[in-house]
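The primary structure of each chain is shown beneath.
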Amino acid sequence: MAPTSSFPIIDMGLLAGEQRPAAMNLLNDACENWGFFQILNHGISTELMDEVEKLTKDHYKRVREQRFLEFASKALKDGDSGDAQGQGAKAVAENLDWESTFFVRHLPESNLTDIPDLDDGYRRAMRRFAGDLEALAERLLDLLCENLGLEKGYLARAFRGPSTGSPTFATKVSSYPPCPRPDLVNGLRAHTDAGGIILLFQDDRVGGLQLLKDGDWVDVPPTRHSIVVNLGDQLEVITNGRYKSVVHRVVAQHDGNRMSIASFYNPGSDAVIFPAPALVKDDDDDTAAAAYPRFVFEDYMKLYVRHKFEAKEPRFQAFKSMETESSNRIAIA
């Protein structure tokens, strides 16, 4: 396990003062070399974060805990019944994530009122929290534009689907309960995120989130009232590989119930994603080719859901091949 001492932590309060250049350099280094970073003084009320955390944990205990325990018990029992050597349990574990989740959609239209078993206070807190996270995501995208040399607002515009003029924005609310076989089961299997920019409010007492860097798994340190940010596949494409999505996972824990509220600020379903022209041109070659393909985000997602826990490169290559075939057909015609 690699040390976490150098994990990027960015104090956004420094962006308003004399230390802004240093903070922006740290942000750029985090995006180029980590794909993950943690932000402090991000502008979201700590009182609201405490309220959301309490309501989320109460909701799990009240509504979801018993359901999860029944599911988990059956899953492990089915695996153990496979054979005496435990191969059945291993086979089950390879396709099992030790998590209890529900999803909330915010944009283009919210479904918060349609989700059962949420009390009114929880809905109100989640609505406020989502609004603050949406504003924070857009602020971060503009900071990335500044570091990339792109026009302010370029990334936000690239995420807007033409039919709605909106990005897709949703939250995955997860609990990772204590696991009797953390040696056998992952909390969440290793993957990259398909979308744009992801903002995570995670438990500050129970760890487990790790990212893969230079061949080593690195712990993402739990820090109270911080937001963990990671970059998805779409930002890798738009930046033509200057920023990259990073493989990460959640390790199941024998003790403690880890809370995770991950909000995904993604392109609209019909947004056309392609490398920003300003990031494709080479100083010595104005005709330098894009390293990544052009595609519709919804098409990418259809491929992603079938291959989420596999390497991202074949997904990019599949669209690159389709792009080449299409060009060849046009040339022949």
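Residues numbered from 1 in each chain as written. Predicted model: local features only at pLDDT ≥ 70, side-chain atom pairs only at ≥ 80, totals over all residues. Heavy atoms only, no water.

A. Looking closely at the overall build of the protein chain. Helix and strand content of the protein chain: eight helices and 13 strands. In the protein chain, buried positions account for 48% of the 333 residues. Considering only contacts in the protein chain between residues 6 or more positions apart, those separated by 24 or more positions represent 81%. Of the roughly 15900 Å² that the protein chain leaves accessible, carbon and sulfur atoms contribute 50%. (Helix = DSSP H or I, 4+ residues; strand = E, 2+ residues; numbered from the N terminus. Buried < 20%, exposed > 50% of the residue type's maximum accessible area, 1.4 Å probe, protein only. Contact = heavy atoms within 4.5 Å. Areas by Shrake-Rupley, 256 points an atom, 1.4 Å probe, with all protein chains shown as cover.)

B. Geometry of the sheet that holds strand β8 (residues 216–219). In spatial order, the strands read β5-β10-β7-β8; together these four strands make up an open sheet with antiparallel pairing. The two strands at the open ends of the sheet, each matched to only one other strand, are β5 (186–191) and β8. The sheet shows a mean angle of 30° between the axes of neighbouring strands, taken without regard to direction. Examined bridge by bridge, strand β7 (residues 209–213) and strand β10 (residues 248–251) share three bridges and lie antiparallel to one another. Residue pairing in the sheet places Leu-211 in a bridge with His-248 of β10. (Pairing = 2+ DSSP bridges. Axes fitted to C-alpha atoms, helices over the stretch in contact; angles between N-to-C directions.)

C. Region of the structure containing the nonpolar core. Membership of the largest hydrophobic core comes to 66 residues, with the highest contact counts inside it found for Phe-37, Ile-39, Phe-129, Leu-140, Leu-155, Ile-197 and Ile-227. Looking at this core element by element, the count peaks at 14 residues for helix α4 (residues 120–148). Within the second largest apolar cluster, 15 residues are counted, among which are Phe-7, Phe-36, Ile-198 and Val-228. (Core = buried A, V, L, I, M, F, W, Y, C linked by side-chain atoms within 4.5 Å.)

D. Main features of the environment of Leu-27. In this structure, Leu-27 sits in helix α1 (residues 20–33). The exposure class assigned to Leu-27 is buried, which follows from its relative accessible area of 4%. Along the backbone, Leu-27 and Asn-147 are 120 residues apart, and their C-alpha atoms lie at a distance of 8.4 Å. Among all residues touching Leu-27, those that are not within four sequence positions of it are Ile-10, Phe-37, Leu-143, Leu-144 and Asn-147.

E. Focus on the sheet that holds strand β9 (residues 227–231). Strand order in the open sheet formed by seven strands is β1-β2-β9-β6-β11-β4-β3, with mixed pairing between adjacent strands. The open sheet has two edge strands with one neighbour each: β1 (9–11) and β3 (100–107). Taking the axes of each pair of neighbouring strands and ignoring which way they run, one obtains an average angle of 25° across the sheet. Bridging between strand β6 (residues 197–202) and strand β11 (residues 258–266) involves six bridges; their strand directions are antiparallel. Looking at β11, one finds that Ile-197 is bridged to Tyr-265. Where α4 meets the sheet, it contacts β2 (36–40), β3, β4 (168–176), β6, β9 and β11, and its direction lies at approximately 135° from that of β6.

F. Structural view of unusual backbone geometry. Leu-107 connects to Pro-108 through a cis peptide bond whose omega is 5°. Relative to the helices and strands, Pro-108 is located in the loop between β3 and α4. Its identity is not glycine, yet Asn-240 carries a phi of approximately 55°, on the positive side. A relative accessible area of 16% means that Asn-240 is categorised as buried.

G. The arrangement of α4 in detail. With 29 residues, α4 should cover 42 Å at 1.5 Å per step; its first-to-last C-alpha distance of 42 Å lies within 8% of that length. The positive-phi residue at the C-terminal boundary of α4 is Gly-149, with phi of around 80°. (Expected span 1.5 Å × (residues − 1).)

H. Representation of the confidence of the model for the protein chain within the structure. For the protein chain, per-residue confidence averages 90 on the pLDDT scale, and residues scoring 70 or more make up 88% of the total. This model gives residues 327–333 a pLDDT under 50, and the stretch forms zero contacts once residues within four places in sequence are excluded. (pLDDT = per-residue confidence, 0-100.)

I. How the structure looks around the pattern of salt bridges. By the definition in use, this model includes 20 salt bridges. The salt bridge partner of Glu-53 is Lys-57, with a shortest N-O separation of 2.9 Å. Taken together, the residues Glu-53 and Lys-57, both in helix α2 (residues 46–80) and four residues apart, mark about one turn of the helix. Look at Glu-53 and you get buried, because its relative accessible area is 8%. (Salt bridge = Lys/Arg side-chain N within 4 Å of Asp/Glu carboxyl O.)

J. Representation of α1. In this model, α1 (14 residues) spans 20 Å end to end at C-alpha, consistent with the 20 Å of a helix rising 1.5 Å per residue. All of the buried residues in α1 are Ala-23, Met-24, Leu-27, Asn-28, Ala-30 and Cys-31. Burial along α1 is one-sided: seen end-on, the buried residues are contained in an arc of 160°. Exposed and oriented more than 90 degrees from the buried face of α1 are Pro-21, Ala-22 and Asn-25. Directly after α1, the chain includes Gly-35, whose backbone phi takes a positive value near 75°. (Arc of directions from axis to C-beta.)

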